[in-house]
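Tertiary structure, described
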Amino acid sequence: MLRAHKYNRPSSTQTINYRPKTPELQDMFRQYGEAYRNKYKLPPHILKTMRAIENCRTSVMGGHVDICNDCGVSRISYNSCRNRHCPKCQSLAKEKWIDGTEGKLAEHWLFPHRFHYS
Ligand SMILES: [Zn+2]
């Protein structure tokens, strides 16, 4: 069933999201992280990871400008945390890794053995 959602008319640079946003780990950390940290004593490496995930791709991390080499169009993006536990950063790293293998791994999984018949 489709639902209508109210939205402000986007400017020419905004992305239109018709679907409600699926909650992410970052949303949960941002909403409940501070209370959780106040209630439980966490080791420093966990605190560092939680803060990285909370701030990933936000103004806290700063930003950069991407410029298309072909048409010159520019886009401003927030920087990533690059923490190995961050779902946002790891999904991008996974896609780059899969692209880098050029399908060799998928081929290996589908056809793990190559037999030559003569
Ligand atoms: Zn991240």
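Residues numbered from 1 in each chain as written. Predicted model: local features only at pLDDT ≥ 70, side-chain atom pairs only at ≥ 80, totals over all residues.

A word on the overall build of the protein
Which entries qualify depends on this criterion: Here a strand is any run of E in DSSP of at least two residues, a helix any run of H or I of at least four, and the numbering for each starts at the N terminus. Put plainly, a residue is buried at 20 or more neighbouring C-beta atoms within 10 Å of its own, exposed at 12 or fewer, and partly exposed in between, counting only other residues' C-beta atoms, which are placed from the backbone. Two residues qualify as being in contact provided that their C-beta atoms, derived from the backbone, are within 7 Å of each other.
Across its full length, the protein holds four helices and two strands. For the protein, the α and β elements follow one another from N to C terminus as α-α-β-β-α-α. Out of the 118 residues in the protein, the part that is buried amounts to 8%. Across the protein, the fraction of contacts at a sequence separation of at least 24, relative to all contacts at a separation of at least 6, is 41%.

Observations regarding the pairing of strand β2 (residues 74–78)
Note the cut-off: At least two bridges found by DSSP between two strands are what make those strands a pair.
Counted residue by residue, β2 has zero buried out of five residues, so it is predominantly exposed. Hairpin remark: strand β1 (residues 63–67) followed by β2, antiparallel, with six residues in the connecting loop; positive phi at Gly 72, about 85°.

Section: the confidence of the model for the protein
Condition: The quantity called pLDDT is the predictor's confidence in a given residue, expressed from 0 to 100.
Looking at the protein as a whole, its pLDDT mean stands at 79, while 69% of the residues score no less than 70. Counted against residues more than four places away or in other chains, residues 1–8, with its pLDDT under 50, gives two contacts.

Section: the nonpolar core
Which entries qualify depends on this criterion: We define the nonpolar core as any set of buried residues of the types Ala, Val, Leu, Ile, Met, Phe, Trp, Tyr and Cys, connected via C-beta atoms lying within 7 Å of each other.
Ranked by size, the top nonpolar core spans seven residues in total: Phe 29, Met 50, Ala 52, Ile 53, Cys 56, Cys 81 and Cys 86. The element contributing the most residues to this core is helix α2 (residues 44–55), with three residues. Filtering out sequence-adjacent residues up to four positions away, Phe 29 remains in contact with Met 50, Ile 53 and Glu 54.

Things to note about the pairing of β1
Little of β1 sits out of view: just zero of its five residues are buried. The sheet contact formed by β1 and β2 spans five bridges and is antiparallel. Along β2, the bridge assignment pairs His 64 with Ser 77.

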